[in-house]
Amino acid sequence: MIAIWALATSHSFAPDHQTPLYLQPRAPIASRVADLIGRMTIQEKVNQLLGDGWPNIDRVKKDFSATGVGSIGFGVPTITRLEALNDFQRSMMNTSRLGIPVAFTAETLHSGQLPQQPHHASTFVVCALADPTPPTLNPPMPHPGGHSGCTVFPMPAGQGSSWNKTLVRLIAESNALQARASGTVHGLAPVLNVATDPRFGRTQECFGEDPVLVATMGVAAVTGLQGSDGPRDADSYFGSPQTHVMSQAKHFGACAAPRLEPTRAPREHRCDGALSRPPSSPGSVDAYGGADGYSADISERTLYERYFLPWLRFASAGGRGAMASHNTINYEPVHGSYRWMTSVLRHQLGFGDGFIGADSHNVLALQTSQHVAASVEDAAVLAVEAGLDQDLNSLYDTPFTTLATSSVVNKSAIDRAAANVLRYKVALGLFEQPFANLSLFPERNSASAQRLAREAAAQSMVLLKNDGALPLKPPQRVLVLGRLANDSATLLGDYAPQPDNDTMPVSIYDALRASPELSGASFRRV
């Protein structure tokens, strides 16, 4: 595989006039993409703009076999399922006119998992008290799923707490390898949110609240995910592509930023300056008060110095993918803003022709909750012309399906979006090696990965306060607070695969009770 990649990235090129240019591995990536775009119909281009987290595979083969599709999520708990993924890819490439491979997507935040609705994890408190009067903690329950059998590393908040960029890079390398062992080529990570608002509810996905820390860890993560041997060369920005993935960082731009709840919600402005309706409810995409997806009303200086710094470093390090954020920034919804996606991210921050994908259902939200588009068709045009390359929605419900018949969309915007999708597929070598390497499957949750996870867990621990109670010594009465204290699965964090009975972690409560150092202590859990 490495030899093939070396040929594919060589600048010495003699064209083969018998083979279409886009299928010639020695041709420059830009030339291959331009040749392919020139051969595609409008429907084939639009279909590359479609991404689905977990579709019905049989229905996709039936409905998209002739024209192809951009990307999909595909759960791989067993090698039999991995073989089924290869069969699906083979069928799609053999039946489509141009044989364009499908990109398989998964979360690679701290494990390999399919895109899904994240949950808001909380924490627990362990106390040694003489006469406890415990408070009541009632956090939401987790929402697990994904590639069962992959190693689960500490959440990014824990990785950031280690202050060890080498550790973060090694974790990302392992995540990338295990993702490729599961057939994934497109990883949704790292999270570059600067977590400055504790009300955000998803701070565990963030490296921290300091922009320099987030930027440093983000660069380490993208280097591990994409590979370190050549991230800046447009024809070789993935090192050893068969063991790495494209890194799509999240969520551009001021996600997890603070906003005071106003006494009267202002009217939202669409990016062409027109006024739209105010947010409909606190639970809408533009909810005020610190919720996920809330509006960010922030000065230009603060945006650039705090929230955009990690993105500048990410782009400089060769990051090739970005996910637009749910929210609006200064009343411009990011998914419909040429200013934020193109003028700022692509031009000012140096992201260039990188891939920008939507967050879940957010193109549709331009009409349904942000009210800057008059119709589904208008939402699609607004998003693609603003700089978005691919939606993340059901293949059958995305507004982007309307682009093929739109009479108002700028066709050059469709060409740009399709080219940005195809560019990373070519760079990853998918046209030469579109199938998952079954021999990599044993790399999932290998002994070395487990050792790395244990070391990362040790380095991520932070002791907030010790008034002499630690280390615990019997005889003592130990109070363990919080419903998560005896919840094994929640210890894995969000965006983690559901463990089976053999890999379920031991809960904090059970581990304390089983500790020989605490024999004789009495325990109470509330």
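Residues numbered from 1 in each chain as written. Predicted model: local features only at pLDDT ≥ 70, side-chain atom pairs only at ≥ 80, totals over all residues. Heavy atoms only, no water.

Help me out: how do you make sense of the pattern of salt bridges in this one?
Close approach of charged atoms allows side chains with opposite charge to pair. Going through the model one piece at a time under the given rule, you end up with 17 salt bridges. The structure contains a network of salt bridges with shared partners spanning Arg59, Lys62 and Asp63. (Salt bridge = Lys/Arg side-chain N within 4 Å of Asp/Glu carboxyl O.)

Help me understand the nonpolar core in this model?
For soluble globular proteins, the rule of thumb is that nonpolar side chains tend to be buried together. Ranked by size, the top nonpolar core spans 112 residues in total, and within it Ile72, Trp311, Leu388, Phe400 and Leu403 carry the most contacts. It is helix H14 (residues 411-427) that provides the largest number of residues to this core, a total of 10 residues. The contact partners of leucine 388, leaving out residues within four places of it in the chain, are Ala324, His335, Met341, Ile356, Gly357, Ala358, Val363, Ala383, Phe400, Arg416 and Ala417. (Core = buried A, V, L, I, M, F, W, Y, C linked by side-chain atoms within 4.5 Å. Buried < 20%, exposed > 50% of the residue type's maximum accessible area, 1.4 Å probe, protein only. Helix = DSSP H or I, 4+ residues; strand = E, 2+ residues; numbered from the N terminus. Contact = heavy atoms within 4.5 Å.)

Can you help me understand the sheet that holds strand E2 (residues 71-73) in this one?
Within a beta sheet, neighbouring strands are joined by backbone hydrogen bonds and run either parallel or antiparallel to one another. Pairing is parallel across the open sheet formed by eight strands, whose spatial order is E10-E7-E6-E5-E3-E2-E1-E11. Two strands close off the open sheet at either side, each with one partner strand: strand E10 (355-357) and strand E11 (391-392). Of the pairings in the sheet, the one linking strand E5 (residues 186-188) to strand E6 (residues 246-252) comprises two bridges and is parallel in character. Bridged to histidine 186 within E6 is methionine 246. Across the sheet, helix H10 (residues 309-316) is in contact with E6 and strand E7 (321-324); its angle to E6 comes to roughly 165 degrees. (Pairing = 2+ DSSP bridges. Axes fitted to C-alpha atoms, helices over the stretch in contact; angles between N-to-C directions.)

Mind showing me how you'd approach the packing of aromatic side chains here?
Aromatic rings considered in pairs are described by the distance between their centres and by the relative angle of their planes. Going through the model one piece at a time under the given rule, you end up with 12 aromatic pairs. Measuring from ring centre to ring centre gives 5.2 Å for phenylalanine 252 and phenylalanine 308, while their planes differ by 25 degrees; the resulting arrangement is stacked. Pair noted here: phenylalanine 252 is in strand E6 and phenylalanine 308 is in the loop between helix H9 (300-307) and H10, with a separation of 56 residues, a long-range link. Comparing phenylalanine 252 with phenylalanine 308, the two get one shared label, buried. By the ring-pair criterion, three or more aromatic residues cluster together here, those being Phe252, Tyr304, Phe308, Trp311, Phe314 and Trp340. The ring of tyrosine 396 carries arginine 59 above its face, with NZ or CZ at 3.5 Å from the centroid. (Phe/Tyr/Trp six-rings, centres within 6.5 Å; stacked < 30°, edge-to-face > 60°. Lys NZ or Arg CZ within 6 Å of the ring centre and 35° of its normal.)

Please explain the side chain of threonine 184 as it appears in this structure.
Take threonine 184: it is sitting in the loop between helix H7 (165-181) and E5. Filtering out sequence-adjacent residues up to four positions away, threonine 184 remains in contact with Phe104, Thr105, Ala106, His147, Ala179 and Val245.

No statement about biological role is implied by the geometric values presented.
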